[in-house]
Amino acid sequence: MSDVVIQVENLCKEYRLGTISHGTLYRDLQSGWAKFRGKDDPNSIIGSHNRGQMGNTDDRILALNNVSFDIHQGEVVGIIGRNGAGKSTLLKIISRVTAPTSGTIKIKGRGASLLEVGTGFHPELPGRENIFLNGAILGMRKSEIEQKFDEIVKFAEIDKFIDTPVKRYSSGMYVRLAFAVAAHLDTDILLVDEVLAVGDVAFQKKSLNKMKNVTSEGRTVLIVSHSMPIIRNNCKKVIFLKNGAISAFDIPAVSVDSYLNAANEESRYLVKEITSEMHTTGISKIRVKKIQMVDENGNIQEHIKYHQPLIIEVFIECIDAVDNVGFGIIISTKDNVILLQTHCFDKSNAYWNLVRGRFKVQIRVLNQLKRGHYSLQFGAHQKPFNVSLLDIPNALTFEITDEPFQPEENYSQFNGGLLDSFSDWSLIDI
Amino acid sequence: MSDNHDSAWTMEIRSRNGWFDIDVSELWRYRDLILLFVRRDFVAYYKQTVLGPLWFLLQPLFTTVVFTIIFSNIAHISTDGLPPFLFYLAGTIGWTYFANCMTQTSNTFITNAGIFGKVYFPRLVVPISIVISNLFTFAIQFGLFLAFLVYFYFMGSGIHPNLWILIIPLLLVQMAALGLGMGILISSLTTKYRDLALALTFGVQLWMYATPVVYPLSQIPAQWQWLFALNPMTAIIETFRYAFLGSGAIQPWMLGVSFGMTFLILALGIVLFSRVEKTFMDTI
């Protein structure tokens, strides 16, 4: 176990909500004087004493609550969680921007630095000087920067503009330069907070490759990201933070799944009453009342079994007669990759003419989905001009469970791709 | 495992440690950053102004002219028999360096909140670089002073530069230390009390009038001189003037008190700064 490079023990970080003091000496003295005379604090928030009822008497939150974990050398570890789960707080403490309230972090090797884009760039100075300045802020010695200077410029692809003040850079150039400096740091631990969302696709790819190279040199990387594909494809382990505590620390498949699971644990059954707020288009003659997923016998499901046909039922109400309506659904992964799209006119080439009243639209879809979480979008448009009649982006989310024919380990290791093919394989003598 | 490998950890992050928590060796490792900050301030300053370094000359010149008219010609305050212009110029440039160091470092946390919130480096790097940047301003103004000094010397206005000049570099370091100490003291307090930054503006002005800048120390009744000696700037300005102009009421014990006060303020500033620097991001 000697290759543990980051050891976090019982880390807590407490923030006080609201203002800590009044922010000015004058008001603090005013409050103090009022208290001394036994009068009401003139600066207290009216009605603030009612807040106790909400169980929130002392206005403190634990951004990190007793977090402990070990990270080994050369690992790429992802950190995921909803907004406010404590991801960035954790990175800030590891990078020493702020101190923990209690607990310790022990680090082996040259300090952790946060890959922050363009920290300390001075707009008046040319790219060359900003490389030095930024590098020094991130803890590099001047001689080190000189050594890596050409490499940085080449990586950032800004050779021609190296003597131009950075205020004249395009935002892409700015970001590339900033990332290049940070990525060439000689630290043993790199912390990355969502920076990979910047730059064009080619540069993103380049950046990710650079990250991989970095780990092959034995350096350790921590990535905070909301992009599950980046986490899945690059991390060896993933920490899932939930309300400041570690909810899962496992291989990406497990942690990401439990994160996505937690994100929509509103309802146990695959049925959802649709309110008018969920319609993203304006008022139209068709409203959706309810969406559900059922089995062959019409029972509402908790989840869909692997290979079991997807039967989606949508209850709609027409306020008035509408002609030439095309309904459609989209099934996508939780990473918003569209897997399939189907419409009522796919086979028959016929749009529907609806009269006033209530209907149930039933859709049967061949289930080629793998185990995991998916979301369903439901929409309708009208023919001549493809006017959108209704659109419900996240109408329902569902899970495919139980894959009876696949031993787990083999499955995840060898089967890439998003869909199952149900292929039959045979070896035939010829 | 921690038993076997405790010695291998290179860094340990925990909540606030002791009282004095400044890692000097770390500060030394970041010396390149200090120099780059100085360079950045310098270059950025010149790129933005039309008159460039001329501003550095105009400011003390105007101040000195105004002082000469008001305090010498109108109010008839003594200048210890020295040419009033030279008397005020000497006081002004000394005071300006200290005041600039103090006011500029007093904003450290607030003006750098953006960068401090994103990346770690020893926070003291910023105030130290400010104090060094201001040395350039001082050097330019000091050049101006020397030019006038030479002029007045050869005009025979009764000024006597003497061996006390040798102590000037030390005084400069002391002013830097005092400005730094006061500045980081205030910057630490302003993270909690923003209005202190406003009080500072006129506080600096009041402090200047409590220091023998526009009047000589000899004008102060003997029984109150100890009070003035408690102000560390008194001895600095008075010695500065004495060294170049050869007239003043400075006594060695005052310099001692001044050193002591400077050390005290700097130490207090560093203690407070080191307490604030770790968590100020949460309160600002």
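Residues numbered from 1 in each chain as written. Chains lettered and ligands numbered in written order. Predicted model: local features only at pLDDT ≥ 70, side-chain atom pairs only at ≥ 80, totals over all residues. Heavy atoms only, no water.

Visitor: So what's going on with the overall build of chain A? Residues and values would help.
Guide: Each helix and strand counted, chain A has 9 helices and 19 strands in total. When contacts within chain A are restricted to residue pairs at least 6 apart in sequence, long-range pairs at least 24 apart make up 71% of them. Counting only carbon and sulfur atoms, one obtains 49% of the accessible surface of chain A, whose full area is about 22,300 Å². (Helix = DSSP H or I, 4+ residues; strand = E, 2+ residues; numbered from the N terminus. Contact = heavy atoms within 4.5 Å. Areas by Shrake-Rupley, 256 points an atom, 1.4 Å probe, with all protein chains shown as cover.)

Visitor: Tell me about the side chain of S129 of chain B, residues and numbers included.
Guide: With respect to the element layout, S129 of chain B can be found in helix 8 (residues 125–154). At 2.8 Å, the side chain of S129 of chain B and the backbone oxygen of V126 of chain B are in polar contact. (Polar contact = N/O pair within 3.5 Å; in protein donor to acceptor, adjacent residues only side chain to side chain.)

Visitor: Describe the sheet that holds strand 1 (residues 11–13) of chain B, with residues and values.
Guide: If you trace the 4 strands from one edge of the open sheet to the other, you get 2(A)-1(A)-4(A)-1(B), paired in antiparallel fashion. In this open sheet, the two strands that pair with only one neighbour each are strand 2 (60–72) of chain A together with strand 1 of chain B. The sheet shows a mean angle of 15° between the axes of neighbouring strands, direction not considered. The pairing of strand 1 (residues 4–16) of chain A with strand 2 of chain A spans 9 bridges and is antiparallel. Each bridged residue has a counterpart across the sheet, and for L11 of chain A the counterpart in strand 2 of chain A is V67 of chain A. (Pairing = 2+ DSSP bridges. Axes fitted to C-alpha atoms, helices over the stretch in contact; angles between N-to-C directions.)

Visitor: Quick rundown of the confidence of the model for chain A? Include the residues and the values.
Guide: Regions with low pLDDT carry predicted coordinates that are not meant to be interpreted in detail. Residues and elements named next belong to chain A. Per-residue pLDDT for chain A has a mean of 79; in total, 81% of the residues score no lower than 70. Across chain A, the element-wise mean pLDDT spans from 47 in helix 9 (residues 408–414) up to 91 in strand 13 (residues 310–318). Across residues 46–57, confidence stays below pLDDT 50; counting only partners more than four residues off in sequence or on other chains, it has 4 contacts. Here residues 405–413 is modelled with pLDDT under 50, and outside its nearest four sequence neighbours on either side it reaches 10 contacts, counting other chains as well. (pLDDT = per-residue confidence, 0-100.)

Visitor: Got a sec to walk through the sheet that holds strand 11 (residues 286–294) of chain A? Specific residues and values, please.
Guide: Residue and element names in this part refer to chain A. Pairing within the open sheet is antiparallel, and its 4 strands lie in the order 10-11-13-17. A strand with exactly one partner marks an edge of an open sheet, and here the two such strands are strand 10 (271–273) and strand 17 (357–365). Ignoring strand direction, the axes of neighbouring strands in this sheet form an average angle of 20°. Sheet topology note: the strand 10/strand 11 ladder contains 3 bridges and is antiparallel. Across the sheet, the residue bridging to K272 is I291, located in strand 11.

Visitor: How would you summarise the packing of helix 9 (residues 168–190) of chain B against helix 10 (residues 195–209) of chain B if you had to cite specific residues and measurements?
Guide: Helix-helix packing: each pair is described by the crossing angle between the helix axes and the interaxial distance. Residues and elements named next belong to chain B. Two elements in contact, helix 9 and helix 10, have axes whose closest approach is 10 Å; the angle formed by their N-to-C orientations is 150°. On the basis of their axis angle, the class for helix 9 and helix 10 is roughly antiparallel. As helix 9 runs across helix 10, the sense of the crossing is right-handed. Here helix 9 contributes M182, I186, L189 and T190 to the contact with helix 10, which in turn contributes L196, A197, L200 and W207. In terms of residue class, the contact of helix 9 with helix 10 is made up of 7 nonpolar, 1 polar and no charged. (Parallel < 35°, antiparallel > 145°, perpendicular 65-115°, else oblique. Left-handed = near helix turned anticlockwise from the far one by under 90°. Nonpolar A, V, L, I, M, F, W, Y, C, P; charged D, E, K, R; others polar.)

Visitor: An account of helix 5 (residues 171–183) of chain A is requested, with residue identities and associated values reported.
Guide: With 13 residues, helix 5 of chain A ought to run about 18 Å at 1.5 Å a step, and its terminal C-alpha atoms sit 18 Å apart, in line with that. Among all positions in helix 5 of chain A, only M173, V175, R176, L177, A178, F179, A180, V181, A182 and A183 of chain A are buried. (Expected span 1.5 Å × (residues − 1). Buried < 20%, exposed > 50% of the residue type's maximum accessible area, 1.4 Å probe, protein only.)

Visitor: Describe in detail the packing of aromatic side chains, supporting the description with residues and values.
Guide: Within this structure, the stated rule accounts for 33 aromatic pairs over all chains. Aromatic side chains F87 of chain B and Y88 of chain B sit 5.4 Å apart centroid to centroid with 85° between the ring planes, which places their arrangement in the edge-to-face category. Put simply, the rings of Y97, F138, F142, F145, F240 and F244 of chain B touch in pairs and so form one group of aromatic residues. The side chain of K13 of chain A reaches across the aromatic face of Y15 of chain A, ending 5.4 Å from its centre. A cation sits over an aromatic face here: R31 of chain B above W28 of chain B, 4.3 Å from the ring centre. (Phe/Tyr/Trp six-rings, centres within 6.5 Å; stacked < 30°, edge-to-face > 60°. Lys NZ or Arg CZ within 6 Å of the ring centre and 35° of its normal.)

Visitor: Describe the environment of G246 of chain B, and please don't skip the residues or the numbers.
Guide: Residue and element names in this part refer to chain B. Examined against the element boundaries, G246 turns out to sit in the loop between helix 12 (232–245) and helix 13 (252–276). Given a relative accessible area of 23%, G246 falls into the partly exposed group. Along the sequence, G246 and L82 sit 164 residues apart, while their C-alpha atoms lie 8.9 Å from each other. Non-local contacts of G246, meaning those with residues more than four positions away in its chain, are made with H160, N162 and R241.

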